[in-house]
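Take a look at the letters that make up each chain.
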Amino acid sequence: GEQRFWIHTVFQTVDELAAHCADTARKGAMYHACASYNDDAYDRFVVGDKGVRTQHNALWCRSFWMDIDVRDDGKSYPTLAAAAAAAKEFCQRIGMPKPLAVDSGSGLHLYWPMTEDVPVDQWRVYAGKLKGLAIACGFKADPTRTADQASVLRPVGTFNTKYDTPRPVRALTPAVAYPPNQLMAALALAAETFSVPDEPVAKPATVAIA
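To start, this report covers the structure provided alongside it.

### Points about the sheet that holds strand β5 (residues 58-69)
Here comes step 1: In space, the five strands of this open sheet follow the order β2-β5-β7-β6-β11, with antiparallel pairing throughout. What marks the edges here is a single partner per strand, and that holds for β2 (35-37) and β11 (170-171).
Here comes step 2: Pairing geometry for β5 and strand β7 (residues 107-119), over nine bridges, is antiparallel. Within β7, the position partnered with D69 by the bridge is G107.
Here comes step 3: Running over the sheet, helix α3 (residues 120-137) touches β5 and β7 and is turned about 15 degrees from β5.

### Thoughts on the side chain of S104
Here comes step 1: If you trace the backbone, S104 turns up in the loop between β6 (100-103) and β7.
Here comes step 2: Given the relative accessible area of 2%, S104 is considered buried.
Here comes step 3: Setting aside residues no more than four positions away along its own chain, S104 makes contact with H109, R154, N160 and V169.

### Some words on the packing of helix α2 (residues 80-94) against α3
Here comes step 1: Where α2 meets α3, the closest approach of the two axes is 11 Å, and the angle between their N-to-C directions is 110 degrees. Classified by the angle their axes make, α2 and α3 are roughly perpendicular. For α2 against α3, the interelement crossing comes out right-handed. Residues F90, R93 and I94 of α2 lie in contact with α3, whose contacting residues are L130, L133, A134 and C137.
Here comes step 2: Classifying every residue of the contact of α2 with α3 gives six nonpolar, no polar and one charged.

Reading guide: rules and limits
Residues numbered from 1 in each chain as written. Predicted model: local features only at pLDDT ≥ 70, side-chain atom pairs only at ≥ 80, totals over all residues. Heavy atoms only, no water. Pairing = 2+ DSSP bridges. Helix = DSSP H or I, 4+ residues; strand = E, 2+ residues; numbered from the N terminus. Contact = heavy atoms within 4.5 Å. Axes fitted to C-alpha atoms, helices over the stretch in contact; angles between N-to-C directions. Buried < 20%, exposed > 50% of the residue type's maximum accessible area, 1.4 Å probe, protein only. Parallel < 35°, antiparallel > 145°, perpendicular 65-115°, else oblique. Left-handed = near helix turned anticlockwise from the far one by under 90°. Nonpolar A, V, L, I, M, F, W, Y, C, P; charged D, E, K, R; others polar.

Shape descriptors only; they carry no functional weight alone.
Here it is in C-alpha cells:
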C-alpha cells in the first residue's frame with residue numbers, strides 16, 4: 001500500500017512539474033497541487049513547523065475540479081463507466097461544458113481548465129456553488145475536495161500505487177481551457193436555478209509569514 005506522508009517539491013512552472021512527474025512516475029504515489037502558492041514555506045503555529053500547501057498559502061487557481069470515488073460500497077459509483085455517465089448527466093443539468101475526465105486508477109477526476117488564473121478568494125465562491133450543485137443534483141462527488149483550494153490530485157501519466165499492480169492515471173477526454181467568466185456565469189446561473197445558497201467561507205487563521 002501507499003505510505004502516508006508528504007514530501008513537497010516546489011516548482012516555478014507547470015513545465016517543470018510535468019517533467020518531474022514524467023521522470024519519477026514509477027517510483028511511488030505522486031500528486032499535484034491544484035492551486036499555485038504564494039510562499040515556498042512559512043511559519044505556522046508550532047515553532048519550527050513550516051507550511052507550504054495550505055489553504056492560507058494558496059494564491060491562484062486555474063481550474064475547477066471534482067473527485068469522484070469508484071467503489072462498490074453503496075455510497076459511490078460501482079464502476080468508472082457509471083461515474084462517467086453520471087458526470088455527463090450532471091454537467092448537462094447544470095449547463096457546464098465538457099470537463100477533462102481523468103481515470104485516477106481508483107476513481108474519476110473532473111477538471112474545467114481556465115484560460116486565466118483566478119484569485120483564490122473569487123475561485124472559492126464559485127467552487128462552493130459547484131459543490132452545492134453536486135449535492136442538490138445527487139452527484140456523488142467528494143464534497144471535501146471540490147471547494148478546497150489546497151487539494152491535491154493524481155497527475156496524468158503517473159501511477160496509482162494503492163494496488164498490488166499499479167494502475168496508470170490516464171486522461172479519458174481532451175483538455176479544453178475555458179474563459180473563467182464562461183464557467184463562473186454557468187455556475188452562478190445553475191446555483192440560482194437549483195436554489196443553491198452561497199457556501200460560508202471561513203477566514204483563514206492568522207499566521208506569521210517567515
